[in-house]
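Now for the letters of each chain:
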Amino acid sequence: MVMVDTADGGQKLLPAVMDLSPEGRDALFAELGEAPWRAQQLADALWNPAVRDWDSVSSFPQALRHELALRHAFCAVEQAQVRVDDGGHTISVVGRLGDGKTIETVVMHYGKAQHPRTTVCVSSQVGCAVGCPFCATGRLGLLRHCTPGEVLDQVRLADMLAQEHGMHPVTHVVFMGMGEPLANLETTVSAVKRLVQERGMSARHITVSTSGVVPGIERLIEERIPVTLALSLHAATDDLRTTLVPLNAKYPIDLVCTKVEEYAAATGRRATYEWCLIEGINDTAEQASALARRAQQHHAHVNVIPMNRIEGSSWNGPDAEGVARFVARLTKANVTVRKTRGQATDGACGQLRATHEARRHQLPDGKLSRPVRTASSRE
Ligand code: SAH
Ligand code: SF4
């Protein structure tokens, strides 16, 4: 949705065109008395990174573009801030939604000439209600869910930025930005299906990361959508996990791990356990051996993410030696350590956005700044 001025001096919110399902696009052109194939032309334009606004949908006559612009915003997510890091391999974006709220999207390129890979990390909610104490997004609380169009538009934006910066187009999508994707289930399911159907992605190249929303995992099992499911485990015992992931009080470890295993059995996709490694908290020998046991038992892959320090928390990730010590204890488990991307730009889960918002709200006169609603801007 985007706010536009009306003839009577007021303002109204225009729904974003990316929020139309394929059926919605068919209905739109039928209502306008246009040929049905226009709907496919629109879908093609939406996934063409060179097309950035209604004016550049060159397959449509000008009168039709004008008609569509009165009904729908072309973009659901505008670039509010873009930072390029890691020698041009990481692009962190603060995206502004139609109502002025902001989210974070990160585009990462892994350079191998034969197998280029560009991953976009998308946000599924503005904020998050789960409230993990090590996470910048958790501190925000939940402001609102993202719409499917807002999730998909982050992928489109990533394609545009990838093109601008000489990267390969997006090959992988990970739901690891702001928000809990399975707490915004309909949006996540719809966005995953549309990435497969409309953008032609393999579900195998899509990762949904969850803090353990059991009904959401059950729905993925029902739908048999073969994404990679990543469980943010972070602790292998219930008492510690309830501190790190408060949702654990509702859906405890045994239940969540069993559901994740059911999902893996139903889809043939091996699950991943994510472990945000926090010095002095979950890097102990006891946690390591309990994690290794669980990972072996459930045939899960372990992804260790050294914690990125966030403002207002004294916790931090261990140094390289501490990480290596923890990993060495995970005998027989299949483990990778995530290289942190975009750290120099506060690029980890909600941090860039937090910095952006803090600056935006600090006007010299102490008043709150108003969101800019139209053309995209860059800093
Ligand atoms: N809500 C979902 C997905 C978004 S968070 C989830 O929790 O899985 C994506 C991943 O980033 C999660 O594994 C989360 O634990 C991790 N994360 C959050 N804050 C972090 C931080 N400060 N340092 C390192 N990893 C962090
Ligand atoms: Fe929410 Fe995930 Fe952050 Fe926890 S880690 S607060 S579930 S976004």
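Structure: see above.
Residues numbered from 1 in each chain as written. Chains lettered and ligands numbered in written order. Predicted model: local features only at pLDDT ≥ 70, side-chain atom pairs only at ≥ 80, totals over all residues. Heavy atoms only, no water.

Engineer: Would you mind going over the packing of aromatic side chains with me for this structure?
Structural biologist: Each pair of aromatic rings is reported with the distance of its centres and the angle of its planes. Summed over the entire model, instances satisfying the criterion amount to 3 aromatic pairs. Seen from their ring centres, phenylalanine 29 and phenylalanine 60 are 5.8 Å apart, and the 65° between their planes marks the pair as edge-to-face. Taken together, the residues span a long stretch of sequence, with phenylalanine 29 in helix α1 (residues 22–31) and phenylalanine 60 in the loop between α2 (38–46) and α3 (62–71) at a distance of 31 residues. We note that phenylalanine 29, like phenylalanine 60, is buried. (Phe/Tyr/Trp six-rings, centres within 6.5 Å; stacked < 30°, edge-to-face > 60°. Helix = DSSP H or I, 4+ residues; strand = E, 2+ residues; numbered from the N terminus. Buried < 20%, exposed > 50% of the residue type's maximum accessible area, 1.4 Å probe, protein only.)

Engineer: In this structure, what is going on with the environment of cysteine 257? I would like to understand it.
Structural biologist: By the secondary structure assignment, cysteine 257 is in helix α9 (residues 253–267). Excluding its chain neighbours within four sequence positions, the residues that come into contact with cysteine 257 are Leu231, Leu233, Tyr273, Arg294 and His298. (Contact = heavy atoms within 4.5 Å.)

Engineer: Looking at this model, I keep getting lost on helix α11 (residues 320–329). Mind explaining?
Structural biologist: Count 3.6 residues to each turn of an α-helix, and residues three or four apart come out pointing the same way. Taken residue by residue, α11 has Gly322, Val323 and Phe326 as its buried positions. Axial view of α11: buried residues confined to an arc of 100°, hence all on one face. Turned more than 90 degrees away from the buried face of α11 sit Ala320, Glu321 and Ala328, all of them exposed. Looking at the buried positions of α11, the neighbouring elements they touch are β12 (272–277), α10 (285–297), β13 (301–306) and β14 (334–337). (Arc of directions from axis to C-beta.)

Engineer: In this structure, what is going on with α9? I would like to understand it.
Structural biologist: With 15 residues, α9 should cover 21 Å at 1.5 Å per step; its first-to-last C-alpha distance of 21 Å lies within 8% of that length. For α9, the complete set of buried residues consists of Ile253, Val256, Cys257, Lys259, Val260, Tyr263, Ala264 and Thr267. Down the axis, α9 shows its buried residues gathered within 160° of arc, on one side only. Projecting away from the buried face of α9 at angles above 90 degrees are the exposed residues Asp254 and Ala265. Packing partners of the buried residues in α9 comprise α7 (214–223), β11 (228–232), α8 (238–244), β12 and α10. (Expected span 1.5 Å × (residues − 1).)

Engineer: Would you take a moment to explain the pattern of salt bridges for this structure?
Structural biologist: Opposite charge on two side chains makes pairing possible when the charged atoms of those side chains draw close. Across all of its chains, the model carries 18 salt bridges by this definition. Across the pair glutamate 223 and lysine 193 runs a salt bridge whose closest N-O atoms are separated by 2.8 Å. Here lysine 193 lies in helix α6 (residues 185–197) and glutamate 223 lies in helix α7, a separation of 30 residues in the sequence. Connected through shared salt-bridge partners, Asp99, Lys101, Arg144 and Glu150 make up one network. (Salt bridge = Lys/Arg side-chain N within 4 Å of Asp/Glu carboxyl O.)

Engineer: Would you explain the packing of α1 against α2 in this entry?
Structural biologist: The geometry of a pair of packed helices is captured by two quantities: the angle between their axes and the separation between those axes. Their axes nearest at 9 Å, the elements α1 and α2 cross at an angle of 125°. Between α1 and α2, the angle falls in the class oblique. Here α1 and α2 pass one another in a crossing that is right-handed. On α2, the residues that touch Arg25, Asp26 and Phe29 of α1 are Arg38, Ala39, Leu42, Ala43 and Leu46. Tallied by class, the residues present in the contact of α1 with α2 amount to 5 nonpolar, no polar and 3 charged. (Axes fitted to C-alpha atoms, helices over the stretch in contact; angles between N-to-C directions. Parallel < 35°, antiparallel > 145°, perpendicular 65-115°, else oblique. Left-handed = near helix turned anticlockwise from the far one by under 90°. Nonpolar A, V, L, I, M, F, W, Y, C, P; charged D, E, K, R; others polar.)

Engineer: What's the story with the site of ligand 1 in this structure? I'm lost.
Structural biologist: Neighbouring residues of ligand 1: 20 residues in total, closest Gly179, Ser209, Ser232, His234 and Asn308. Between ligand 1 and the protein, one listed contact pairs an oxygen atom with a backbone N or O atom of threonine 210 at 3.5 Å. At a separation of 3.3 Å, an oxygen atom of ligand 1 approaches a polar side-chain atom of glutamate 274. When isolated, ligand 1 has an accessible area of 530 Å², and the protein chains bury 94% of it. When contributions to the shell around ligand 1 are tallied by element, the ones reaching two or more residues are β10 (206–210) and β12. (Near = heavy atom within 4 Å. Polar contact = N/O pair within 3.5 Å; in protein donor to acceptor, adjacent residues only side chain to side chain. Areas by Shrake-Rupley, 256 points an atom, 1.4 Å probe, with all protein chains shown as cover.)

Engineer: In this structure, what is going on with the pairing of β10? I would like to understand it.
Structural biologist: Among the 5 residues that make up β10, 5 are buried, leaving the element largely enclosed by the rest of the structure. Residues Ile206, Val208 and Thr210 point to one face of β10 and Thr207 and Ser209 to the other, with burial holding for every one of them. Pairing geometry for strand β9 (residues 172–175) and β10, over 3 bridges, is parallel. Along β10, the bridge assignment pairs valine 174 with threonine 207. As for the winding sense of the linkage, the β-α-β connection from β9 through α6 to β10 is right-handed. At this point the chain moves from β10, through α7, to the parallel β11, and the crossover so formed is right-handed. (Pairing = 2+ DSSP bridges. Right-handed = clockwise from strand over helix to strand, strands pointing away.)

Engineer: Where do I start with unusual backbone geometry in this structure?
Structural biologist: When glycine is set aside, most residues are seen to have a negative phi, and most peptide bonds are trans. Phi angles above zero are rare outside glycine, and arginine 224 is one such case at about 50°. Position of arginine 224 relative to the elements: it lies in the loop between α7 and β11. Here the phi dihedral of histidine 234 falls at roughly 65°; this positive angle occurs in a residue that is not glycine. Mapped onto the fold, histidine 234 is located in the loop between β11 and α8. Exposure remark for histidine 234: the relative accessible area of 6% places this residue in the buried category.

Engineer: Would you explain the sheet that holds β14 in this entry?
Structural biologist: The strands making up a sheet associate through backbone hydrogen bonding, with each pair oriented either parallel or antiparallel. With respect to topology, 10 strands assemble into an open sheet ordered β3-β4-β5-β6-β9-β10-β11-β12-β13-β14, the strand pairing being mixed. Edge positions in the sheet fall to β3 (77–85) and β14, since each of these pairs with one other strand and no more. Along the sheet, successive strands turn relative to each other by an average axial angle of 20°, direction set aside. For strand β5 (residues 102–110) and strand β6 (residues 117–121), the ladder comprises 5 bridges, and the chain directions are antiparallel. Looking at the pairing, tyrosine 110 lines up with arginine 117 of β6. On top of the sheet, α6 reaches β9 and β10; it is set at about 170° to β10, its chief contact.

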